[in-house]
Amino acid sequence: HLDAYPVLCVVPAAVRSHWEKEWNTWLPRKTVKTVKSGNHTDFRGSVNIITYSLVYKFTDKLKEKDFGTIIADESHKLKNNSAKRSKAVRKIAKDVPHKILLTGTPVINQPSEIINQLKILGVFKDAFGGWMQFTDRYCDRQDSQFGQWEISGASNLKELHKRLTGNCYIRRNKRDEAILEDLPDKQRTTVDLEIDNRGK
């Protein structure tokens, strides 16, 4: 999808300048616009970079743009379905043809954390059956004493992994492919600490 421009990159603030640098390094002929404040009005770049902390402020304006691609870096930040940034990215991404969510940890604690990411990708209902089917099958859904569903559990995880990899999930490991060849092997170090307040 080399011509799927313009691109919207939604990124954590800490890596905003890194994304800008990499776009300029690898595609110097593309115009890169970076949103640095809530007063930004120009989204006419081939690539438009915005942080999670600002994206919801520009939801309507970004929704009007005909983006060819949306990229969300560290997409686990979108796990909370009701957070402002999650709602904003979901709304903006709805009509964008190409959606890419990047993260090393799509699920941190429980399968329910991937629901909003699957909604943003546009595969939640068709590939996973929607909320009731997904939560029943993969979140060990239980009826709580307050009349609400409890979906903090986990079930059928191998099946979930298989369905994710069959529909929308690509995992790249250093051992499987020639990626990050300059990255050293994982190192583990044990540090012994003296505990001087034991029993207090």
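This text gives an overview of the structure that appears in the document. Residue numbers restart at each chain and count upward from 1, following the sequence in its written direction. With the structure being a predicted model, the display of local features is reserved for residues of pLDDT at least 70 and the display and counting of side-chain atom pairs for 80 or more, all residues being used for whole-chain, interface and lining totals. Side-chain calculation: all heavy atoms of the structure are included, whereas hydrogens and water are not.

### Describing the overall build of the protein chain
On a plain count of helices and strands, the protein chain comes out with eight helices and seven strands. Note on classification: 1.4 Å probe, protein chains only; a residue is buried when its accessible area is under 20% of the maximum for its type, exposed when over 50%, partly exposed between these limits. Among the 200 residues that make up the protein chain, the fraction classed as buried is 35%. Contacts between residues were defined by any pair of non-hydrogen atoms, one from each residue, lying within 4.5 Å. For the protein chain, contacts bridging at least 24 residues in sequence account for 53% of all contacts bridging at least 6. The sign given to each residue is positive for Lys and Arg and negative for Asp and Glu; His and the chain ends receive no count. The atom standing in for a charge is NZ when the residue is Lys, CZ when it is Arg, CG when it is Asp and CD when it is Glu. The positive charge centre, built from 35 side chains, and the negative charge centre, built from 25, are 5 Å apart in the protein chain. In this description a helix means any DSSP run of H or I spanning at least four residues, a strand means any run of E spanning at least two, and both kinds are numbered starting from the N terminus.

### Overview of the packing of aromatic side chains
Any two of the Phe, Tyr and Trp rings considered here, Trp counted by its six-membered ring, make a pair once their centres fall within 6.5 Å; the pair's planes then place it as stacked at under 30 degrees, edge-to-face at over 60, or tilted in between. In the structure shown here, the tally under the stated rule is four aromatic pairs. Ring geometry for F43 versus F58: centroids 5.4 Å apart, planes at 70 degrees, classification edge-to-face. On the criterion of sequence distance, the pair formed by F43 in the loop between β2 (32-34) and β3 (47-51) and F58 in the loop between α2 (52-55) and α3 (59-64) is long-range, its members being 15 residues apart. There is no split in this pair, since F43 and F58 are both buried. Taken together, the ring pairs connect F124, F128, F134 and Y138 into an aromatic cluster. In our convention, an over-ring charge means Lys NZ or Arg CZ found within 6 Å of a ring centre and within 35 degrees of that ring's normal. For the cation-ring pair, K30 lies above Y5, with the distance from its terminal atom to the ring centre recorded as 4.1 Å. R141 extends its terminal NZ or CZ atom over the ring of W149, reaching a point 4.5 Å from the ring centre.

### Remarks on helix α7 (residues 131-138)
Buried residues of α7: F134, T135 and Y138, and no others. For α7, the angular spread of the buried residues around the axis is 95 degrees, confining them to a single face. On its buried face, α7 is in contact with α5 (115-121), α6 (124-128) and α8 (157-167). Positive phi shows up at D140, right after α7, with a value of about 50 degrees. Of all possible arcs, the one meant is that of the directions from the helix axis to the C-beta atoms.

Purely geometric stuff here, so don't read any function into it on its own.
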